[in-house]
Amino acid sequence: MRKKVFVLGLGLIGASLCKAIKNPSIELYGWDYSEETREIARKVGLVDHIASIKRASEMDIIILAVPILSTLHYLHELARLPLKKSVIVTDTGSTKHEVMKLAKTLPFTFIGGHPMAGSHKSGVKAGNPNLFEEAYYILTPTEGTNVEPLMEVLQPTRAKFVVIEPDSHDEIVGVLSHLPHIVASGLVRMSDQLSDNHPRATQLAAGGFRDITRIASSDPQMWTDILLTNRSTLLDLLTGWQEEMSQIQKSLIEEDQPAIYDFFSQAKQSRDTLP
Ligand code: NAD
């Protein structure tokens, strides 16, 4: 019997997963609330069948690839459906604390997932079968859960699977992904104010500004959900960031040349040793 796999949300991550895992040994079902996305998925044969959540009770694996607050909503909905006893439900969300808190109350097996690969692009057209190749794919199972059947289905992504505690995950991605995202978006907003006074400013935006702000083009709904579900980590990190900025501001007010040099020198040393 072919395993039935259901991917809910056929945007960048969902479509990329479908493209990577679709093969004759599984029967792939997909759903997206956007009619246009469903139509594209149907046209390009992204999945074997388009099916609504009502079909969830037939599935062996259910993958939620929607913004995180929608994931929480779907988990409540799935909890009211008569799912298979052996079903494994997973998500792809960029934060894990909130979803794992809910997972403890669910009447089915849930394994948190976060493929650490992505893009500032979104939507079904951005789907890329090689997106996850060699990327870390974080799994946050509840205690005693066997992750093997899920890993088997996801194996064609050629991702590197790592099991990690949800709270450690949220702290790490808070520093490495979420705070940089807030800063990048803040810089773009500042440049908008500059453009009001200097209409040609954006034309002059050079490589450095483009590099550091590329991620600000990501989907605003996805990022709203990420911030709201990693709130306490990000509040601490924002305090740390403000202190960091106050320190460089103080050095500049005092024209403290060695301190300003150290600020950049320490950062350069760390950045140069990044693998
Ligand atoms: P996306 O915007 O490209 O795709 C989301 C898709 O879900 C869209 O097609 C949208 O129409 C659909 N959708 C939204 N709400 C829905 C609902 N209630 N029911 C059905 N469909 C719904 O976003 P994405 O980049 O694919 O992100 C999906 C998830 O993966 C998010 O939780 C995000 O945190 C996570 N993630 C994103 C990245 C990234 O770089 N983009 C990386 C890793 C993980």
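One can find the structure itself at the top, above this paragraph.
First things first, this report covers the structure right here in the doc. Since this is a predicted model, take the numbers as computed values, not measurements. (Residues numbered from 1 in each chain as written. Predicted model: local features only at pLDDT ≥ 70, side-chain atom pairs only at ≥ 80, totals over all residues. Heavy atoms only, no water.)

## Overview of the overall build of the chain
Stated formally: By the criteria applied, helices consist of DSSP H or I runs no shorter than four residues and strands consist of E runs no shorter than two, each listed in order from the N terminus. For each residue, the accessible area found with a 1.4 Å probe, counting protein chains only, is set against the maximum for its type, and the residue is called buried under 20%, exposed over 50%, and partly exposed in between. A contact between two residues is defined here by any heavy atoms of the two lying within 4.5 Å. In this tally, Lys and Arg are treated as positive and Asp and Glu as negative; His is ignored, and so are the chain termini. One atom stands in for each charge, and that atom is NZ of Lys, CZ of Arg, CG of Asp or CD of Glu.
A count of helical and extended segments in the chain gives 10 helices and 8 strands. The dimensions of the chain, computed from C-alpha atoms along their principal axes, are 70 × 40 × 30 Å. In the chain, buried positions account for 40% of the 275 residues. Looking at the chain alone, contacts between residues at least 24 apart form 67% of all its contacts between residues at least 6 apart. Here the chain carries 28 positive and 33 negative side-chain charges, and the mean point of each set is 9 Å from the other.

## Quick look at the pattern of salt bridges
For clarity, the cut-off: One side-chain nitrogen of Lys or Arg within 4 Å of one carboxyl oxygen of Asp or Glu is enough to make a salt bridge.
In total, this model carries 9 salt bridges according to the counting rule given. Here E58 ties to R55 by a salt bridge, and the two come within 2.6 Å at their closest N and O atoms. On the accessibility criterion, E58 (26% relative accessible area) is partly exposed. What makes R55 partly exposed here is its relative accessible area of 32%.

## Some remarks on the site of the ligand
What counts here: Near is defined per residue: the residue qualifies when any heavy atom it owns lies within 4 Å of the molecule or strand. Residues adjacent in sequence count toward polar contacts only when both atoms are side-chain atoms; beyond that, a polar contact is any pair of N or O atoms within 3.5 Å, and within protein one must be able to donate a hydrogen and the other to accept it. All residues other than Ala, Val, Leu, Ile, Met, Phe, Trp, Tyr, Cys, Pro, Asp, Glu, Lys and Arg, Gly among them, are scored as polar; the first ten of these are nonpolar and the last four charged.
Neighbouring the ligand are 26 residues; D32, V66, Y74, S94 and G123 lie closest to it. D32 has a polar side-chain atom sitting 2.5 Å from an oxygen atom of the ligand. Those elements giving two or more residues to the shell around the ligand turn out to be helix 1 (12–21), helix 3 (68–79), strand 6 (109–115) and helix 8 (220–229). Per-element accounting of the shell around the ligand gives the leading share, 3 residues, to helix 3. Looking at the shell around the ligand, its residues break down into 13 nonpolar, 12 polar and 1 charged.

## A closer look at the packing of helix 6 (residues 166–197) against helix 8
Test applied: As a rule, the C-alpha atoms of each element are fitted with a line to give its axis, helices using only the stretch in contact, and angles between N-to-C directions run from 0 to 180 degrees. If an angle is under 35 degrees, it is roughly parallel; if it is over 145, roughly antiparallel; if it lies from 65 to 115, roughly perpendicular; otherwise it is oblique. Crossings are assigned a handedness: left-handed for a near helix turned anticlockwise from the far helix by less than a right angle, right-handed for a clockwise turn.
Contact pair helix 6 / helix 8: the axes reach a minimum separation of 11 Å and the direction vectors enclose 135 degrees. Taken together, the axes of helix 6 and helix 8 are oblique relative to one another. As helix 6 runs across helix 8, the sense of the crossing is left-handed. Across from D170, S177, H178, H181 and I182 in helix 6, the residues of helix 8 making contact are W223, I226, L227 and T229. Here the residues of the contact of helix 6 with helix 8 sort into 4 nonpolar, 4 polar and 1 charged.

## Considerations on the nonpolar core
Considering soluble globular proteins, one finds that nonpolar side chains tend to be buried as a cluster. Which entries qualify depends on this criterion: Only buried residues count toward a nonpolar core, which is a set of Ala, Val, Leu, Ile, Met, Phe, Trp, Tyr and Cys residues joined through side-chain atoms within 4.5 Å.
Core analysis: the biggest nonpolar cluster contains 34 residues, and V5, L28, I63 and L139 have the highest contact counts within it. Elements with a contribution of two residues or more to this core: strand 1 (3–8), helix 1, strand 2 (26–31), strand 4 (61–64), strand 7 (136–141) and helix 5 (148–154). Among residues more than four places away in sequence, those in contact with V5 are I21, I26, E27, L28, Y29, M59, I61, I63 and V153. Core analysis: the next-biggest nonpolar cluster, separate from the first, contains 24 residues, I62, L102, A103 and L106 among them.

## Re the environment of V99
Relative to the elements of secondary structure, V99 occurs in helix 4 (residues 97–103). Placed 24 residues apart in sequence, V99 and L75 show a C-alpha to C-alpha distance of 8.9 Å. Non-local contacts of V99, meaning those with residues more than four positions away in its chain, are made with T71, L72, L75, D91 and F110.

## Thoughts on a nonpolar patch on the surface
Our working definition: Exposure above 30% relative accessible area and the lack of any salt bridge qualify a residue for a patch; like charges then connect within 9 Å, and the nonpolar side chains Val, Leu, Ile, Met, Phe, Trp and Tyr within 5 Å. Per-residue and other accessible areas follow the Shrake-Rupley method at a 1.4 Å probe size, with only the shown protein chains counted as cover for residues.
Nonpolar side chains collect at one region of the surface, where I172, V175 and L176 lie side by side and expose about 280 Å² of accessible area between them. Taking relative accessible area as the criterion, L176 reaches 64% and is therefore assigned exposed.

## Brief notes about the sheet that holds strand 2
Here is the rule we go by: Strand pairing is assigned whenever DSSP identifies at least 2 bridges connecting the two strands.
Read across the sheet, 8 strands follow the order 3-2-1-4-5-6-7-8 without closing on themselves; strand pairing throughout is mixed. Pairing within the sheet leaves two strands with one partner each, and these edge strands are strand 3 (49–50) and strand 8 (160–163). Sheet analysis places strand 5 (residues 88–91) next to strand 6, joined by 3 bridges and oriented parallel. Across the sheet, I88 pairs through a bridge with T109, a residue of strand 6.

## Quick notes on helix 9 (residues 231–253)
Definition in use: To estimate the expected span of a helix, count its residues, drop one, and scale the result by 1.5 Å.
The first and last C-alpha atoms of helix 9 sit 32 Å apart over 23 residues, in line with the 33 Å expected at 1.5 Å per residue. Among the residues making up helix 9, those that are buried are T233, L234, L237, I248 and S251. On its buried face, helix 9 is in contact with helix 6, helix 8 and helix 10 (257–272). Just past helix 9, the residue E255 takes up positive phi, approximately 50 degrees.

## A few points about the pairing of strand 7
In plain terms, the rule: Look down the strands so they point away from you; if going from the first strand over the helix to the second traces a clockwise path, that crossover is right-handed.
Pairing of strand 6 with strand 7 involves 5 bridges; the strand directions are antiparallel. Residue pairing across strands places I111 opposite P141, the latter belonging to strand 7. Where strand 7 lies against strand 8, 4 bridges are found, and the strand directions are parallel. Looking at strand 8, one finds that Y136 is bridged to K160. Chirality of the crossover, the property in question, places the unit of strand 7, helix 5 and strand 8 among those that are right-handed.

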